[in-house]
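Below, each chain spelled out in residue letters.
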Protein chains: 2
Amino acid sequence: MAAATIKDVAREAKVSVASVSRALNGGSGVTAATSERIRAAADRLQYIPHAAARMLITRRTHTIGALLPDLYGEFFSELIRGIDLAARARGLHLLVSSSHDGVEEAAVAVRSMQGRVDGLLILSGRVDAAFLRANLPRELPVVLLNSAVKNPMYHVLNVDNHAGAVAMVAHLIQAGHARVAFIAGPEGNFDARQREQGYRAAMAKHAPKAPLNILAGDFSEESGYRAGRELLAQKVRPRAVFAANDMMAVGCLTALKEAGVRVPQDIALAGFDDIPIARYVTPALSTVRVRIVDLGRVALEHLAGLLEGPDSSTASAQTLGCEIVVRESCGASVT
Amino acid sequence: MAAATIKDVAREAKVSVASVSRALNGGSGVTAATSERIRAAADRLQYIPHAAARMLITRRTHTIGALLPDLYGEFFSELIRGIDLAARARGLHLLVSSSHDGVEEAAVAVRSMQGRVDGLLILSGRVDAAFLRANLPRELPVVLLNSAVKNPMYHVLNVDNHAGAVAMVAHLIQAGHARVAFIAGPEGNFDARQREQGYRAAMAKHAPKAPLNILAGDFSEESGYRAGRELLAQKVRPRAVFAANDMMAVGCLTALKEAGVRVPQDIALAGFDDIPIARYVTPALSTVRVRIVDLGRVALEHLAGLLEGPDSSTASAQTLGCEIVVRESCGASVT
DNA sequence: GGCGCCAACGTAAACGTTTTCATGGGAAGT
DNA sequence: ACTTCCCATGAAAACGTTTACGTTGGCGCC
């Protein structure tokens, strides 16, 4: 016994298939009485409309695709959680394609999603306007996350890295550590660049006389460790270190500890991201938190808005705030 | 200019739609020359077959669904990564529905996936055979992960919690700590129960004279802390503690440290899962690692096997090994 | 009472594929 | 040279919906 089709329901309820469709979808154009009869019949047969048939005629899949790079634990799961919850609330399905690092990989992924999704959520450092033009039909709604794309044709949702970095650096300075050093992220990375600019801006504003002190890093723990060693070798050591992400802060912390430098008494330390580990290192790491669940949720809601009325007036760029979380490593909380 | 259809390609290549279909799919039943001409035409028009139309006639979606509970960071991302990579390797898409905790929620999720997927991957403590019978068509291939379902009708893939626990307890005992205590997981949890049984088995085998010492816990850090305090209050303290997961081990570690008990010199400690934090606490936590990426990969491959030949002889139950990773907290490695 | 209108309902086309079946033509076998 | 067979190809049905359009009947209005 194969799955029941709309014809079976029609026969069972003694109406035409058109009426069944109307009763189950719009509800208009059909008497309350017959509608009830149809519903009953559908229940009895455990009728579930064939998704593909509906997609074919409707040209709506009720599915959105998420294209994600190779992401680390917490961030990935929180992001998906946010997207998924918001999608479910809207009756949308979620087609995931993760762990893309190469551009070419991403290209085949989006192409293979063609026709299976109504819209796309893309988080990827490598994707730019040219890529989108080349690989996507112009009419497919897309929302870019954490993207450097400036073109107002494309909708982007960014974390306010700049403001977060400014807030943290300002906090460090106000805690009395004017000489703040910065451990930068990887060259091409958009987040990393914004955080660095935030550092520069905050220094210029709150400690204009203090020297800028920027060390190279690539977001890895090891690069943080190296930066820590470098920094210890400097003639005049900084009073505080702000790392562009938590992993580097952890690496740097290791270097400082090894050298017998006390954190935060000798050098204060702060990171960015608030990964779970931040809470567990000693001393607990001060950092900047971005509510990743919200990032996913807002992104999906933005996209859903585009689906309903592409011509609508939804702003093409949006920014998501972040908050600094003060723990022990920055030497401000008196515990 | 709407997307090109198979008819457009047919016209462009001056053949019938049937030939286009044959050339692009099987390749058989069509001359190499015409096939080439068709391919060229398809390329020129940037033809991408309409997925829904194909699903409708083929009754294959080339998509598998993943139903997941509210999972914590690392585990979730690794699992998805494994599933996703294996799926992509097979040309399958991945429809994700996560963060389900209630049974009812899960039920509507699987129902809404009806017809959109060729098979289902389910990880959930709450799902049992009755649920599956009630909510899924009998012919839909399903693979259960970490499930207590024993019914050979359903395919399940479990982590070998038992063996992992046995190995770790044996290791602790052989390191000279015969009196090993165990912090248990939540009551109904399948993994937790298996780990406890592993503890019991290993104790019975390697330290039959030592007393069993089992403390309550619920996988949370706080419950680990409470268990640690409890354990310190015991008249004769254990020489080692094996927690059913890492979070509890971390909580317990905090309790021990607070009491001035040295780890591992006074009491050795071990956990289960190898979450990232395990590496970063002091002393670094010995634990049992399960290769979660493999879990996802193997599960998907199993499911893919079912799709190809449901009648095939693939075993209905499978088990994935795990390995103990020795760090400082168990006092065995001489660093 | 006839006329027109509207609501409820049915009929059939359309969506874009795959696949079965029919048809043709050319090569091979006698 | 005629038959036989096979292989490439085309025509058309089928998949399960939605929806534009037609048809019916009842009701109000003149």
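Residues numbered from 1 in each chain as written. Chains lettered and ligands numbered in written order. Predicted model: local features only at pLDDT ≥ 70, side-chain atom pairs only at ≥ 80, totals over all residues. Heavy atoms only, no water.

**Some words on the pairing of strand S8 (residues 240-243) of chain A**
Residues and elements named next belong to chain A. Here S8 shows a buried face lined by Ala240 and Phe242 and a second buried face lined by Val241 and Ala243. Pairing geometry for strand S6 (residues 180-183) and S8, over four bridges, is parallel. Its bridge partner lying in S8, Val180 is registered against Ala240. For S8 and strand S9 (residues 268-270), the ladder comprises three bridges, and the chain directions are parallel. In the sheet register, Ala240 faces S9, and the bridge partner there is Ala268. Tracing the backbone out of S8, into helix H11 (residues 246-258) and back to the parallel element S9 gives a crossover that is right-handed. (Buried < 20%, exposed > 50% of the residue type's maximum accessible area, 1.4 Å probe, protein only. Helix = DSSP H or I, 4+ residues; strand = E, 2+ residues; numbered from the N terminus. Pairing = 2+ DSSP bridges. Right-handed = clockwise from strand over helix to strand, strands pointing away.)

**Examining the state of the cysteines**
Residue and element names in this part refer to chain A. Following the criterion strictly, the structure yields zero disulfides over all chains and no others. The thiol of Cys322 is not disulfide-bonded; the next cysteine sulfur, from Cys330, is found 16 Å away. For Cys330, which is in no disulfide, the shortest distance to another cysteine sulfur is to Cys252 and amounts to 14 Å. With a relative accessible area of 0%, Cys330 lands in the buried category. (Disulfide = S-S within 2.5 Å.)

**Side note on the protein's contact with DNA strand C**
Close to DNA strand C lie 27 residues; Ser16 and Arg22 of chain A together with Ile6, Ser21 and Asn25 of chain B are nearest. The protein-proximal atoms of DNA strand C, defined as those within 4 Å of the protein, are 65% sugar or phosphate. Looking at the surface near DNA strand C, the elements with two or more residues in it are helix H2 (17-24) and helix H4 (51-58) of chain A together with helix H2 (17-24) and helix H4 (51-58) of chain B. Top element by residues in the surface near DNA strand C is H4 of chain B. It accounts for five residues. Here the residues of the surface near DNA strand C are counted per class, giving 13 nonpolar, 10 polar and four charged. (Near = heavy atom within 4 Å. Nonpolar A, V, L, I, M, F, W, Y, C, P; charged D, E, K, R; others polar.)

**Looking at the environment of Glu78 of chain A**
All names here are of chain A. Structurally, the position occupied by Glu78 is in helix H5 (residues 73-89). Given a relative accessible area of 19%, Glu78 falls into the buried group. In this structure, the C-alpha to C-alpha distance between Glu78 and Val156, residues 78 residues apart in sequence, is 19 Å. Beyond its immediate stretch of four places on either side in the chain, Glu78 contacts Ile292 and Val293. (Contact = heavy atoms within 4.5 Å.)

**Digging into the nonpolar core**
Counting residues in each nonpolar core, the largest one holds 151 residues, and the members touching the most others are Phe242 of chain A together with Phe242 of chain B. Residues contacting Phe242 of chain B, with those up to four places away along its chain left out, are Ala165, Met168, Val169, Leu172, Val180, Ala181, Phe182, Ile183, Ala270, Gly271 and Phe272 of chain B. Of all hydrophobic cores here, the second largest spans 42 residues; its members include Val127, Ala129 and Leu132 of chain A together with Tyr154 of chain B. (Core = buried A, V, L, I, M, F, W, Y, C linked by side-chain atoms within 4.5 Å.)

Taken by themselves, the reported measurements are silent on function.
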